[in-house]
Amino acid sequence: MATPALITEDAGAFRDALPDGGALLGLDLGTKTIGTATCDSGWRFATNGTTLTRGKFSRDREELRKLIKDRGTAGIVIGLPRNMDGSEGPRAQSSRAYARNLAESFELPILLWDERWSTQSAEAAMIGQDMSRAKRAQSIDSHAAAIILQGAIDRLAGGLL
């Protein structure tokens, strides 16, 4: 049996589990969609990707498998939706369960990253770009995934562990 992949909230442990650099995949898990983002192998810039319609895990897994293969992904960063007081509710537990399923499927290290304010930050940025409400609705999750991933890579690359 293969060794289970690392799932952690510790950026240092995540960085240590990765090869030297490597592209990362960021995910913002919603109840109906999954926002995706990727970053370069040097961990400088996160770029929003596609927004996937969330379905059964087996279907999600195959769509994510394509992204992971196409980008040569070394690790995954998943937004962990904490309450404003830092506690965790049902959405956080759902994200943890999703991370366990991904770890079993891909054997890649996974970092759970506090995503408080990511959606609000993404929406504010899109409003600042004068993006219409309809376009914001289509891409809010992938923009939020990019904010989550950028926060993680800033920590990883900056050594502020």
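Here the structure is a predicted model, which means the values were calculated and not measured.

Engineer: Give a description of the pairing of strand β6 (residues 110–114) that names residues and reports values.
Structural biologist: Counting buried positions along β6 yields four of five residues, so the element is predominantly enclosed. Inspection of the sheet shows strand β1 (residues 7–8) paired to β6 by two bridges, in the parallel sense. In the strand pairing of β6, I7 is matched with I110. Judged from the five bridges that link them, strand β5 (residues 73–80) and β6 form a sheet pairing that is parallel. Considered in β6, the bridge of G79 is made with W113.

Engineer: Would you mind going over the sheet that holds strand β4 (residues 46–53) in detail, with residue names and values included?
Structural biologist: Hydrogen bonds between backbone groups are what pair the strands of a sheet, and the pairing can be parallel or antiparallel. Read across the sheet, six strands follow the order β1-β6-β5-β2-β3-β4 without closing on themselves; strand pairing throughout is mixed. Two strands close off the open sheet at either side, each with one partner strand: β1 and β4. Helix α3 (residues 90–106) contacts β1, β2 (23–29), β3 (33–39), β5 and β6 of the sheet and is inclined by roughly 165 degrees relative to β5.

Engineer: Any chance you could break down the pattern of salt bridges for me, citing the residues and the numbers?
Structural biologist: Using the criterion set out here, one finds seven salt bridges in the structure. Between D40 and R44 there is a salt bridge; the shortest N-O distance is 3.2 Å. Using a relative accessible area of 52% as the deciding quantity, one classes R44 as exposed. Across the pair E62 and R65 runs a salt bridge, and its minimum N-O distance is 3.2 Å. In this pair, E62 and R65 both sit in helix α2 (residues 57–71), three residues apart, roughly one turn of the helix. Ionic contacts of the salt-bridge type, sharing partners, join the residues E9, R82 and R96 into one network.

Rules and cut-offs
Within each chain, residues carry numbers counting from 1 in the order of the written sequence. In keeping with the predicted nature of the model, local features appear solely for residues at pLDDT of at least 70, side-chain atom pairs appear and are counted solely at 80 or more, and the whole-chain, interface and lining totals rest on all residues. Hydrogens and water are ignored here; the side-chain numbers use all heavy atoms of the structure. Each residue's exposure class comes from its accessible area (1.4 Å probe, protein chains only) as a fraction of the maximum for that residue type: buried when under 20%, exposed when over 50%, partly exposed otherwise. Helix and strand labels come from DSSP, where a helix needs a run of H or I of at least four residues and a strand needs a run of E of at least two; each type is numbered from the N terminus. Whether two strands pair comes down to DSSP finding at least two bridges between them. Two residues form a contact once any of their heavy atoms are found within 4.5 Å. Fitted lines through C-alpha atoms give the axes, limited to the stretch in contact for helices. The angle between two N-to-C directions lies from 0 to 180 degrees. In what follows, salt bridge is the name for a side-chain nitrogen of Lys or Arg lying within 4 Å of a carboxyl oxygen of Asp or Glu.

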